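What the coordinates show
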Amino acid sequence: MPDTECGAPPGPNEIDLIALRGIPDAAQGRPGHLRMVRIDQLRVERDYRRRMTPKSARVAHGIAMGFSWTRFSPLVVVPDGDAYQVIDGQFRAAAARTIGITDLPCYVLDCGAEEAAASYAAINGVVTPVTPQDIWFAELFAKKPAAVALNALLTRCGVRVVRERETGRVGDTTSIN
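Rules used throughout
- Residues numbered from 1 in each chain as written.
- Predicted model: local features only at pLDDT ≥ 70, side-chain atom pairs only at ≥ 80, totals over all residues.
- Heavy atoms only, no water.
- Pairing = 2+ DSSP bridges.
- Helix = DSSP H or I, 4+ residues; strand = E, 2+ residues; numbered from the N terminus.
- Axes fitted to C-alpha atoms, helices over the stretch in contact; angles between N-to-C directions.
- Parallel < 35°, antiparallel > 145°, perpendicular 65-115°, else oblique.
- Contact = heavy atoms within 4.5 Å.
- Nonpolar A, V, L, I, M, F, W, Y, C, P; charged D, E, K, R; others polar.
- Buried < 20%, exposed > 50% of the residue type's maximum accessible area, 1.4 Å probe, protein only.
- Expected span 1.5 Å × (residues − 1).
- Arc of directions from axis to C-beta.
- Phe/Tyr/Trp six-rings, centres within 6.5 Å; stacked < 30°, edge-to-face > 60°.

We now examine the pairing of strand β3 (residues 75-80). As defined by bridge partners, β3 adjoins strand β5 (residues 103-108) across three bridges and the pair is classed as parallel. Directly across from V77, in β5, lies its bridge partner V108. In this sheet, strand β4 (residues 83-88) lies alongside β3 in antiparallel orientation, the contact comprising five bridges. Residue pairing across strands places D80 opposite A83, the latter belonging to β4. In this structure, the hairpin formed by β3 and β4 is closed by a connection of two residues, where G81 is found at a positive phi of approximately 65°.

A few words now on the packing of helix α5 (residues 132-141) against helix α6 (residues 145-156). As a packed pair, α5 and α6 sit with axes 8 Å apart at the nearest point and diverge in direction by 105°. With respect to α6, the axis of α5 lies roughly perpendicular. Residue-level contacts link W136, E139 and L140 of α5 to A147, V148, L150, N151 and L154 of α6. Classifying every residue of the contact of α5 with α6 gives six nonpolar, one polar and one charged.

Take the pairing of β4 next. For β4, the tally of buried residues reaches six of six residues, placing the bulk of the element in the interior. Two strands pair when backbone bridges link them, and strand β2 (residues 42-43) and β4 are joined in this way by two bridges, in the parallel orientation. Counted as the bridge partner of R43 is Q85 from β4.

On to the environment of T131, then. Considering the arrangement of structural elements, one finds T131 in the loop between α4 (113-125) and α5. Linking T131 and R163, residues 32 residues apart in sequence, is a C-alpha distance of 9.0 Å.

Within an α-helix, residues lying three or four positions from one another point in the same direction, as the helix has 3.6 residues per turn. Here α4 is 13 residues long and its end C-alpha atoms lie 18 Å apart, about the 18 Å a rise of 1.5 Å per residue gives. Listed in full, the buried residues belonging to α4 are A116, S119 and Y120. Buried residues of α4 fall within an arc of 105° about the axis and therefore sit on the same side. Projecting away from the buried face of α4 at angles above 90 degrees are the exposed residues E114 and G125. Structurally, α4 contributes buried residues whose contacts are with β3 and β4.

A word on the packing of aromatic side chains. Under the criterion given, the structure shown has three aromatic pairs. Note on F67 and W69: the rings are 5.0 Å apart at their centroids and 85° apart in plane angle, and the pair reads as edge-to-face. On the basis of relative accessible area, W69 is assigned to the partly exposed category, the value being 46%. Each ring, one from W69 and one from F72, has its centre 5.3 Å from the other, and the planes form 75°; the classification is edge-to-face. Through successive ring pairs, a cluster of aromatic residues spans F67, W69 and F72.

In C-alpha cells form, the structure reads like this:
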C-alpha cells in the first residue's frame, strides 16, 4: 500500500534489534513445541487464572462469532498428567469449544507449576497495547469496507491518519477512535 494511502511506509520491515544493556546472552529454559491438543484435555488453573466473568464471556463470544483460523494463535499450555493447563488462550479455547471445535493448536512448554505461573504472569502482564491507529492501519491494509470507505471520505476532506504527529502537516490526525 503506498505511503500516501495510510500514512505508513509500504511493505514489511525486518525484526528490530533492541539496543539495551544487560540483556542475557542466552535464552532461559527450553523452547516448547507445537501440538494439536483435544479441547477436552485442557484445564484452567483456578489458583491464579482469571475466572470467566460476564465481561470475559463477551470477549469469548466475540471470538466465537468471528472465528477464523487465520485469527487464532496457538494456546500456550503446560502438561499436567493426562491433561494440559492453559497458560494463555483460555477465552480462545472457550470460544472454540462453544462452536464445536475439538482440537486446538497449542505451544506446549516443558516446565513445572511455579514456572507455569511465572509464564502466565509474564505473558499476560507484559503486553504492548495495540493503539487505535494500529487497528486502523491493519483494517485499511486488509481492505475492510468500513475502513476503506472512511479513508476515502477522509482523503476527500484532506485528512490523513498518522501514527504520531511527526509531520505537523495540516490535515494530519492521530484520532481514529
